[in-house]
Amino acid sequence: MFRLDGKKVVVIGGSAGMGLATAELAMECGADAVIAARNPERLAAAAQRLAARGDRPVPWQALAIEDRPAVAAFLHTHAPFDHLVLPGSTVKPLRYDELSDANAREAFDSKFWGPFWAAYDARASMRRGGSVVFFSGVAAERPVKGYVLGACINGALNAAVRSLALEFGPLGLRCNVIAPSLVDTPLLDALHADDKDERCRALAARLPVGRIGTAGEAAMAAVFLMANGYIDGQVLGLDGGHLSIP
Ligand SMILES: NC(=O)c1ccc[n+]([C@@H]2O[C@H](COP(=O)([O-])OP(=O)(O)OC[C@H]3O[C@@H](n4cnc5c(N)ncnc54)[C@H](OP(=O)(O)O)[C@@H]3O)[C@@H](O)[C@H]2O)c1
């Protein structure tokens, strides 16, 4: 059992999916949690549920990861903390012929630059021994038609943590990234409202483990990365063996 007793974990993207599951498991492992995301109603409800289960308050703030000043102020308000977990971002799937300078920048602003600057601005607020956990995705290594931007962003995040480990090391901080394949979260419901079950079944049939992942499994991966002080600069595949598919 991993323990995070006495640690404070800040999750941006903590009102649903892998971020919410991570906040919950971190609390079960002894940490305090602070969560942020955009929709205040969903966030307040998530914070209330977490607080009731963990029997301690869970502060929350509505913000968008793209709003760097708001994110920096939020991080400063909750200093000092130990771990920063960054699953909150939005990348619309766009066909290659739908791409424009504007929508490509929007995607990078959300999933790459949002977490990148959040980590940068968090450094002064983090206690030695802590870590940053980013989220990329298997599309960096296994392309999906219509998801070139996602692939580029995921690849950039995977590359970033290797360098960030060097930058954060002298501060006593580590940086890692989780690269999921399909994980059953509200994101899948939103992206594939019409054919989610069919898509999941089709991928599951190809994966060595024979099923898609769960938010709880993502949470276990995130807590593992936070708790293990010797894992740094790593891309942790959470993909049911997706990279082994020939
Ligand atoms: N699920 C998968 O199959 C899968 C596969 C590969 C990679 N990933 C990546 O894994 C990460 C987590 O995904 P998930 O499936 O857990 O997503 P999810 O179920 O949609 O949850 C996302 C969380 O982040 C928040 N969020 C979304 N956009 C945000 C923004 N711009 N600023 C701040 N918060 C934001 C959401 O709340 P609000 O909407 O209220 O802001 C929610 O709390 C994402 O980076 C995703 O791209 C997921």
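Let us look at the structure shown here. Just so it is clear, the structure is predicted and the values come from calculations on it, not from any experiment.

Strand 2 (residues 32-37) sits mainly inside the fold: 5 of its 6 residues count as buried. As paired elements, strand 1 (residues 8-12) and strand 2 share 5 bridges and run parallel to each other. Bridge assignment links V10 to a residue of strand 2, and that residue is V34. The β-α-β motif built from strand 1, the intervening helix 1 (residues 17-28) and the parallel element strand 2 has right-handed crossover chirality. Here 3 bridges tie strand 2 to strand 3 (residues 60-62), and the two strands are oriented parallel to one another. Bridging across to strand 3, I35 finds its partner in W60. Following the chain from strand 2 across helix 2 (residues 40-54) to the adjacent parallel strand 3, one finds a crossover that is right-handed.

On to the packing of helix 4 (residues 101-122) against helix 5 (residues 148-168). At a minimum axis distance of 11 Å, the contact between helix 4 and helix 5 shows a crossing angle of 20°. On the basis of the axis angle, helix 4 is roughly parallel to helix 5. Like other packed secondary-structure pairs, helix 4 and helix 5 cross with a definite hand, here right-handed. Judged by residue contacts, N103, A104, A107, F108, K111, F112, A119 and Y120 of helix 4 engage L149, C152, I153, N154, A156, L157, A160 and F168 from helix 5.

What follows concerns the site of the ligand. Inspection of the region around the ligand gives 30 residues, with S15, M18, R38, V183 and T185 positioned closest. In this structure, T185 approaches the ligand through a side-chain N or O atom, which is 2.5 Å from an oxygen atom. Against a free-state accessible area of 890 Å², the protein chains account for coverage of 91% of the ligand. Every element with two or more residues in the shell around the ligand is listed here: helix 1, helix 4 and helix 6 (186-191). Here the shell around the ligand is built from residues that sort into 14 nonpolar, 12 polar and 4 charged.

A few words now on the packing of aromatic side chains. Tallied over the full model, the rule gives 8 aromatic pairs. When the centroid spacing of 5.7 Å and the interplanar angle of 55° are considered together, the rings of F2 and F224 count as tilted. Taken together, the positions of F2 in the segment before strand 1 and F224 in helix 8 (residues 215-227) put the pair 222 residues apart, joining distant regions of the chain. Residue classification places F224 among the partly exposed residues on the basis of a relative accessible area of 25%. Put simply, the rings of F108, F112, W113, F116, W117 and Y120 pair up and form one aromatic cluster. Sitting above the plane of the W117 ring, R68 keeps its charged end 4.1 Å from the centroid. Over the ring of Y120 we find R123, and its NZ or CZ is 4.1 Å from the ring centre.

This brings us to the packing of helix 1 against helix 8. Where helix 1 meets helix 8, the closest approach of the two axes is 8 Å, and the angle between their N-to-C directions is 55°. Considering the angle they form, helix 1 stands oblique to helix 8. The handedness of the crossing between helix 1 and helix 8 comes out as right-handed. On the side of helix 1, the interface is formed by G17, M18, A21, T22, L25 and A26, while helix 8 contributes A215, G216, A218, A219, M220, A222, V223 and M226. For the contact of helix 1 with helix 8, the class distribution of residues is 11 nonpolar, 3 polar and no charged.

Of all hydrophobic cores here, the largest spans 36 residues; its most connected members are I35, I178 and M226. Elements with a contribution of two residues or more to this core: strand 1, helix 1, strand 2, helix 2, strand 5 (126-135) and helix 8. Sequence-distant contacts of I178, that is, excluding residues within four places in its chain, are made with V133, F134, F135, S136, G137, A218, A221, A222, L225, L236 and L238. By size, the runner-up hydrophobic cluster in this structure holds 33 residues, among which are V10, V34, L84 and V91.

Reading the values: the criteria
Residues numbered from 1 in each chain as written. Predicted model: local features only at pLDDT ≥ 70, side-chain atom pairs only at ≥ 80, totals over all residues. Heavy atoms only, no water. Buried < 20%, exposed > 50% of the residue type's maximum accessible area, 1.4 Å probe, protein only. Helix = DSSP H or I, 4+ residues; strand = E, 2+ residues; numbered from the N terminus. Pairing = 2+ DSSP bridges. Right-handed = clockwise from strand over helix to strand, strands pointing away. Axes fitted to C-alpha atoms, helices over the stretch in contact; angles between N-to-C directions. Parallel < 35°, antiparallel > 145°, perpendicular 65-115°, else oblique. Left-handed = near helix turned anticlockwise from the far one by under 90°. Contact = heavy atoms within 4.5 Å. Near = heavy atom within 4 Å. Polar contact = N/O pair within 3.5 Å; in protein donor to acceptor, adjacent residues only side chain to side chain. Areas by Shrake-Rupley, 256 points an atom, 1.4 Å probe, with all protein chains shown as cover. Nonpolar A, V, L, I, M, F, W, Y, C, P; charged D, E, K, R; others polar. Phe/Tyr/Trp six-rings, centres within 6.5 Å; stacked < 30°, edge-to-face > 60°. Lys NZ or Arg CZ within 6 Å of the ring centre and 35° of its normal. Core = buried A, V, L, I, M, F, W, Y, C linked by side-chain atoms within 4.5 Å.

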